[in-house]
2 protein chains.
Amino acid sequence: MSTLYHYPFCPHSRFVRLALGEYGALVDLVEERFWDRREEFLIMNPAGTTPVFVDQAGPPVPGPAIIAEYLDETRGLLLAERRLLAEDPAERVEIRRLTSWFNDKFYAEVAEPLVSEKIYRRVMPKEAGGGPPDTTVMRAARSNIRYHLAYMTWLVSSRDWLACDRMTYADLAAAAQLSVVDYLGEVPWNENEAVKHWYAKMKSRPSFRPLLAETALGVPASEHYADLDF
Amino acid sequence: MSTLYHYPFCPHSRFVRLALGEYGALVDLVEERFWDRREEFLIMNPAGTTPVFVDQAGPPVPGPAIIAEYLDETRGLLLAERRLLAEDPAERVEIRRLTSWFNDKFYAEVAEPLVSEKIYRRVMPKEAGGGPPDTTVMRAARSNIRYHLAYMTWLVSSRDWLACDRMTYADLAAAAQLSVVDYLGEVPWNENEAVKHWYAKMKSRPSFRPLLAETALGVPASEHYADLDF
């Protein structure tokens, strides 16, 4: 059995959980409060960040990008035409570019500030950065999401999925990041019909179901969060 | 002929230049002042960041991690036992983990603040973020470099190179990041003999020579920057 050390509202953990769901991989989920900087966890990943995937007797694999490569190398061919990466070098570039766009750029500019201010800082002790939310940070993230949604609209208007004509890691990364922001009610869906349509397809996948059932203590989900026809 | 859009003191560009040097690849270097947000460049890489690699008729490949994967997939086997990634899955994880450690974490905590404040802000127009350096930001980076050097000391004391028993992408990433910080005279070498010894090995590689000849307008190199026996 494999193990994923994750945090429920960590978008990178959600990305890996979606990928594992698509691979049909059975995995033990261990919730890691990364801000506790637990020694055994730091030995697995000195960067101290979630997620970390441990594959049976394999080495600990840290971070969404490295886990995605590892899963493709160890399980990718099993998915055949549903593979989340591609064979063709140009398609591989585009899938990796957009996966990083969402896991790195969207995360830094939108998801991380919102989830940190609205969820993490409520549960973290003061010494680890806990405290009331910083509204300036949230305002910047709310402004940033607009250009990201405009870019996504452009992508899904010219292709069936974000990176090419089938679902790939890029879609999982975007959906994982958005799911956390949507939980917080911070996605202006009305202005972005094409993205909403794409997200509804993602939400209806069986791999998505566990994410829609999660709740953060003291922070209720937005009304439409778990609704497949939102 | 391939082309690399780079900026001389961008550590990620330097990482790719070192890799291309190790592959013995002939490449046209085009200096990209990324803060100008040139339209043709944004079409190649909507994130607007250097480096971008264009391989003959291939697609534009953006960013150090994606370029590294692309080069390994298209040229890796030619290097045989000098390959910069590995065959073994556990070694691949460790090489990618440390490559990301330096290209992402060291960059964000040390190299980016120092190079931004001391070089970029001098040459950027005010609208793009130019201006006098922020000493608070530099102070934090100077404090952060100490724990990074301590970690590197631990790595090179237990292995011949950073990730395993031969030179890999991890060494190129670390050396590229350090090279920019060293140019600025911000590496406390005296306290880190083992890292100094490893860096001297890196510096003496032919792939490193072009970097040692570069100068930033108005910011002279530290005394020992180009010295192989520093």
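Residues numbered from 1 in each chain as written. Chains lettered and ligands numbered in written order. Predicted model: local features only at pLDDT ≥ 70, side-chain atom pairs only at ≥ 80, totals over all residues. Heavy atoms only, no water.

- The name an unreviewed UniProt entry assigns to chain A is Glutathione S-transferase, from the organism Variibacter gotjawalensis.
- Under Subunit (unreviewed entry), UniProt gives the following word-for-word description of chain A: "Homodimer." (UniProt positions renumbered as here; feature names shortened; annotations may be inferred.)

1. A closer look at the interface of chain B and chain A
Here is step 1 of the chain: Contacts between chain B and chain A engage 20 residues on the former and 20 residues on the latter.
Here is step 2 of the chain: Summed over both sides, the interface of chain B with chain A buries roughly 1600 Å², with 74% coming from carbon and sulfur.
Here is step 3 of the chain: On the chain B side of the interface with chain A, the three residues burying the most area are Ile66, Val93 and Arg96 of chain B, jointly 30% of the side's total.
Here is step 4 of the chain: For the pair chain B and chain A, the number of links is 6 salt bridges.
Here is step 5 of the chain: With a shortest N-O distance of 2.8 Å, Arg96 of chain A and Glu73 of chain B are connected by a salt bridge.
Here is step 6 of the chain: Between chain B and chain A we count 4 residue pairs in polar contact (both at pLDDT 80 or more) in total.
Here is step 7 of the chain: Secondary-structure elements contributing two or more residues to the side of chain B that touches chain A are β4 (60-62), α3 (64-75) and α4 (89-123) of chain B.
Here is step 8 of the chain: Looking at the side of chain B that touches chain A residue by residue, the class counts come to 13 nonpolar, 1 polar and 6 charged. (Contact = heavy atoms within 4.5 Å. Buried area = accessible area lost by both parts, 1.4 Å probe. Salt bridge = Lys/Arg side-chain N within 4 Å of Asp/Glu carboxyl O. Polar contact = N/O pair within 3.5 Å; in protein donor to acceptor, adjacent residues only side chain to side chain. Helix = DSSP H or I, 4+ residues; strand = E, 2+ residues; numbered from the N terminus. Nonpolar A, V, L, I, M, F, W, Y, C, P; charged D, E, K, R; others polar.)

2. So, the packing of helix α6 (residues 169-183) of chain B against helix α7 (residues 193-203) of chain B
Residue and element names in this part refer to chain B.
Here is step 1 of the chain: Packing of α6 against α7 leaves a shortest axis separation of 10 Å and a crossing angle of 100 degrees. When the axes of α6 and α7 are compared, the pair comes out roughly perpendicular. Facing α6, whose interface residues are Asp171, Leu172, Ala174, Ala175, Leu178, Ser179 and Asp182, α7 presents Val195, Trp198, Tyr199, Met202 and Lys203.
Here is step 2 of the chain: Split into classes, the residues belonging to the contact of α6 with α7 amount to 8 nonpolar, 1 polar and 3 charged. (Axes fitted to C-alpha atoms, helices over the stretch in contact; angles between N-to-C directions. Parallel < 35°, antiparallel > 145°, perpendicular 65-115°, else oblique.)

3. A look at the domain arrangement of chain A
Residues and elements named next belong to chain A.
Here is step 1 of the chain: According to the domain assignment, chain A consists of domain 1 (2-82) and domain 2 (89-212).
Here is step 2 of the chain: One C-alpha centre belongs to domain 1, the other to domain 2, and the line joining them spans 19 Å.
Here is step 3 of the chain: With 22 residues of domain 1 in contact, the opposing surface of domain 2 contributes 29 residues.
Here is step 4 of the chain: Summed over both sides, the interface between domain 1 and domain 2 buries roughly 2300 Å², with carbon and sulfur atoms accounting for 65% of that surface.
Here is step 5 of the chain: When the area that domain 1 buries against domain 2 is broken down by residue, the three leading residues are Phe9, Arg14 and Leu18, summing to 29%. (Domains from an automatic or database assignment.)

4. A look at the sheet that holds β4 of chain B
In a beta sheet, neighbouring strands pair by backbone hydrogen bonds and run either parallel or antiparallel.
All names here are of chain B.
Here is step 1 of the chain: Across the sheet, which stays open at both edges, the 4 strands sit in the order β2-β1-β3-β4 with mixed pairing between neighbours. The open sheet has two edge strands, β2 (27-31) and β4, and neither has a second partner. Adjacent strand axes in the sheet meet at a mean angle of 20 degrees, parallel and antiparallel pairs treated alike.
Here is step 2 of the chain: Note that strand β1 (residues 2-6) and strand β3 (residues 52-54) share 3 bridges and pair antiparallel. Directly across from Thr3, in β3, lies its bridge partner Val54.
Here is step 3 of the chain: Along the sheet, helix α1 (residues 11-23) makes contact with β1, β2 and β3, crossing β1 at roughly 155 degrees. (Pairing = 2+ DSSP bridges.)

5. Things to note about the packing of aromatic side chains
Residue and element names in this part refer to chain A.
Here is step 1 of the chain: Tallied over the entire structure, the rule returns 38 aromatic pairs over all chains.
Here is step 2 of the chain: Measuring from ring centre to ring centre gives 5.2 Å for Phe34 and Tyr120, while their planes differ by 75 degrees; the resulting arrangement is edge-to-face. With Phe34 in the loop between β2 (27-31) and α2 (39-44) and Tyr120 in helix α4 (residues 89-123), the pair connects residues that are 86 residues apart, well separated along the chain.
Here is step 3 of the chain: Residue Phe34 is classed as buried on the basis of its relative accessible area, which comes to 16%. (Phe/Tyr/Trp six-rings, centres within 6.5 Å; stacked < 30°, edge-to-face > 60°. Buried < 20%, exposed > 50% of the residue type's maximum accessible area, 1.4 Å probe, protein only.)

6. Comments concerning the sheet that holds strand β3 (residues 52-54) of chain A
Residue and element names in this part refer to chain A.
Here is step 1 of the chain: In spatial order, the strands read β2-β1-β3-β4; together these 4 strands make up an open sheet with mixed pairing. Strands with a single pairing partner mark the edges of an open sheet, and in this sheet they are β2 and β4 (60-62). Across the sheet, the mean angle from the axis of one strand to that of its neighbour is 20 degrees, orientation sign disregarded.
Here is step 2 of the chain: Sheet contacts for helix α1 (residues 11-23): β1 (2-6), β2 and β3; angle to β1, the most-contacted strand, approximately 155 degrees.

7. Comments concerning the relation of the copies chain B and chain A
Here is step 1 of the chain: Rotating chain B by 180 degrees and translating it 0.0 Å along the rotation axis places it on chain A, where the RMSD comes to 0.0 Å. Overall, the copies show the geometry of a two-fold rotation axis.
Here is step 2 of the chain: Both copies contact each other with a shared surface, as 100% of the interface residues of chain B are interface residues in chain A too. (Least-squares fit on C-alpha atoms with pLDDT ≥ 70 in both.)

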